[in-house]
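Residue-level listing of the chains:
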Amino acid sequence: MRQIPGAWHRTAAGAGLVGSDGSIHPTIFAEMSALAAETGAINLGQGFPDEDGPPEVLEAAREAIARGANQYPPGRGIPDLLSAVAEHQERFYGVRLDPAREVLVTAGATEALAATLLALIDGPDDEVVVFEPFYDSYAAVVALAGARLVTVPLRWPDFQPDLEELARAVGDRTRVILVNDPHNPTGAVFTSEVREEVVRLADRHDAIIVTDEVYEHLTFDEPHVPIATLPGAAERTLTISSGGKTFSTTGWKIGWVTGPAELVSAVLAVKQFLTYVNGSAFQPAIATGLRLGDGFFLGVADALRAKRDLLGTGLRAAGFEVSVPAGSYFTVADARALGATDAAAFCRELPGRAGVVAIPLTAFTTAERRSEYATLVRFAACKRVDVLREAASRLADAH
Ligand code: PMP
Ligand code: GLN
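One structure accompanies this document, and this report is about it. (Residues numbered from 1 in each chain as written. Chains lettered and ligands numbered in written order. Predicted model: local features only at pLDDT ≥ 70, side-chain atom pairs only at ≥ 80, totals over all residues. Heavy atoms only, no water.)

### Let's talk about the nonpolar core
- If you look at the biggest cluster of nonpolar residues, it comprises 100 residues, and the most contacted ones within it are Leu-81, Val-128, Leu-178, Phe-320, Phe-379 and Leu-395.
- Among the elements that make up this core, the one with the highest residue count is helix α5 (residues 108-120) (seven residues).
- Among the nonpolar cores identified, the runner-up in size contains 27 residues, and Leu-154, Ala-169, Val-198 and Tyr-373 belong to it. (Core = buried A, V, L, I, M, F, W, Y, C linked by side-chain atoms within 4.5 Å. Buried < 20%, exposed > 50% of the residue type's maximum accessible area, 1.4 Å probe, protein only. Helix = DSSP H or I, 4+ residues; strand = E, 2+ residues; numbered from the N terminus.)

### Side note on the side chain of Thr-237
- Mapped onto the elements, Thr-237 comes out in strand β7 (residues 237-242).
- Classification of Thr-237 as buried rests on a relative accessible area of 1%.
- Leave out the neighbours within four places in its chain, and Thr-237 touches Ile-209, Thr-211, Ala-228, Thr-258, Gly-259 and Pro-260. (Contact = heavy atoms within 4.5 Å.)

### Observations concerning the packing of α5 against helix α9 (residues 261-274)
- Running from N to C, α5 and α9 point in directions that differ by 115°, and their axes come no closer than 8 Å. In terms of their interaxial angle, α5 and α9 are classed as roughly perpendicular. Viewed along their axes, α5 and α9 form a crossing whose handedness is right-handed. Note on element contacts: α9 touches α5 through Leu-263, Ala-266, Val-267, Val-270, Lys-271 and Leu-274, opposite Glu-111, Ala-114, Ala-115, Thr-116, Leu-118, Ala-119 and Leu-120. (Axes fitted to C-alpha atoms, helices over the stretch in contact; angles between N-to-C directions. Parallel < 35°, antiparallel > 145°, perpendicular 65-115°, else oblique. Left-handed = near helix turned anticlockwise from the far one by under 90°.)

### Quick word on the site of ligand 1
- What surrounds ligand 1 is the set Gly-108, Ala-109, Thr-110, Tyr-135, Asn-180, Asn-184, Asp-212, Val-214, Tyr-215, Ser-242, Lys-245 and Lys-253.
- Within the contact set of ligand 1, an oxygen atom lies 2.7 Å away from a side-chain nitrogen or oxygen of Asn-184.
- Notes on ligand 1: free accessible area 390 Å², of which the protein chains cover 93%.
- Here the element with the most residues in the shell around ligand 1 is α5; it accounts for three residues. (Near = heavy atom within 4 Å. Polar contact = N/O pair within 3.5 Å; in protein donor to acceptor, adjacent residues only side chain to side chain. Areas by Shrake-Rupley, 256 points an atom, 1.4 Å probe, with all protein chains shown as cover.)

### Some remarks on unusual backbone geometry
- Pro-157 follows Trp-156 through a cis peptide bond whose omega is 0°.
- On the secondary structure map, Pro-157 appears in the loop between β4 (148-153) and α7 (163-169).
- Each neighbour pair has its own omega, and for Asp-181 with Pro-182 the value is -10°, a cis peptide bond.
- Structurally, the position occupied by Pro-182 is in the loop between β5 (174-180) and α8 (192-205).
- Located in the positive-phi region is Phe-159, a residue other than glycine, with phi close to 55°.
- By the secondary structure assignment, Phe-159 is in the loop between β4 and α7.
- Exposure remark for Phe-159: the relative accessible area of 1% places this residue in the buried category.
- The backbone of Ser-248 shows a phi angle near 55°, a positive value even though the residue is not glycine.
- Mapped onto the elements of the fold, Ser-248 is located in the loop between β7 and β8 (254-258).
- The exposure class of Ser-248 is partly exposed, given its relative accessible area of 25%.

### Remarks on the site of ligand 2
- Near ligand 2, the surroundings consist of Phe-29, Gln-46, Gly-47, Tyr-135, Asn-184, Lys-245, Phe-330 and Arg-378.
- Measuring from an oxygen atom of ligand 2, one finds a backbone N or O atom of Gly-47 at 2.6 Å.
- At 2.7 Å from an oxygen atom of ligand 2 is found a side-chain nitrogen or oxygen belonging to Arg-378.
- Class assignment for the residues of the shell around ligand 2 results in three nonpolar, three polar and two charged. (Nonpolar A, V, L, I, M, F, W, Y, C, P; charged D, E, K, R; others polar.)

### Considering helix α12 (residues 343-354)
- Along α12, the residues that are buried comprise Ala-343, Ala-344, Phe-346, Cys-347, Leu-350, Pro-351 and Ala-354. Buried residues along α12 cover an arc of 155° about the axis, so they all sit on one side. Exposed residues pointing more than 90 degrees away from the buried face of α12 are listed as Arg-348 and Gly-352.
- Check the buried side of α12 and you find it contacts α2 (28-39), β11 (356-357), β12 (359-360), β13 (376-380) and α13 (385-398). (Arc of directions from axis to C-beta.)

### Observations regarding the side chain of Gln-283
- Inspection of the secondary structure puts Gln-283 in helix α10 (residues 282-290).
- For Gln-283, a relative accessible area of 2% corresponds to the buried category.
- One polar contact links the side chain of Gln-283 to the main-chain amide nitrogen of Ile-78, over a distance of 2.8 Å.
- Not counting chain neighbours up to four residues away, the residues in contact with Gln-283 comprise Pro-73, Gly-77, Ile-78, Leu-81, Val-105, Ile-254 and Asn-278.

This is the structure:
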């Protein structure tokens, strides 16, 4: 009989995702949300909004259920959503796509990432280059696919990569360069130099670029620029996004992948055996969302910018040093001045000390680099204004 834990557990243990005995850790988000529920603390940990998104989108889902959109949708996604994604890419970025061949609907960006990496990775010699800290599913899926994770550090306070370090990380074994922009957990939006260097390196080493753009509409200074729009990038780039953040529907899990038809088909080949399909009634609703007017899209960014500012002011008043994010739900703060030496311990104590839950940045790092992020903490700004005010006042009182 095969031993349990199996091969994935051994690789994942190296990345700190499971215990060396094979015990499975809950994700940091689940752990911290449970801590918030247990202690009654304000949850600025897991990134989900505490308000509903646009009523037209919610109504479209109710209507879809009522008219019987309750069985398996087509494997690539319902035609209306495929078209809505293609229209969205053209409207915001000038990218023209064939909705029937160059768009695939997935169970959130999470499945899109998993299916994409499983489709592209060939074996244990393949390397996937990611910026570190990274969204937790990246290391898990790279381990699941049996490839090697190579990381390029993003450093406090601006979290832009050093271009020479980036160039050193990419080589002929690099199968994928995975870029999350705007970036979770740091809130960084990468400079045009970084984007151009990613494309240049991918071209030189014949790597595929995979982008995670789930925060594409949540930028505070400049409109988002997908890497696929850079010269020479489209033919080697798979672009991933989802409706969860833009429409405050993180539980619906409607995501998508766009890119060259043959790459999208490779992703479909895996995806059909992961979930096959999902969200028959949510797909038309997200199509409605993607076609909302410009006012909606500007409004979500404006609202979140104001929340970022409120959170930042509160954190500074409470004694943190704050890195100002250019996008995403998140703000990273340095808790060193508050006596923190171990962000994980600091976050475990924060509910008792201040009635607030946050996430240590060390949850997004490899064991090798954990110490470089040991005093940094991620706070989510995607909460109601009154909740952020209360959190700020609790943190200030605890100071
Ligand atoms: N990528 C990043 C960077 C995220 O922050 C998240 C989730 N919050 C996801 C992917 C997952 O997206 P989804 O909920 O659409 O699966
Ligand atoms: N993306 C969300 C975050 O970063 C959480 C998603 C999850 O719980 N897996 O907080």
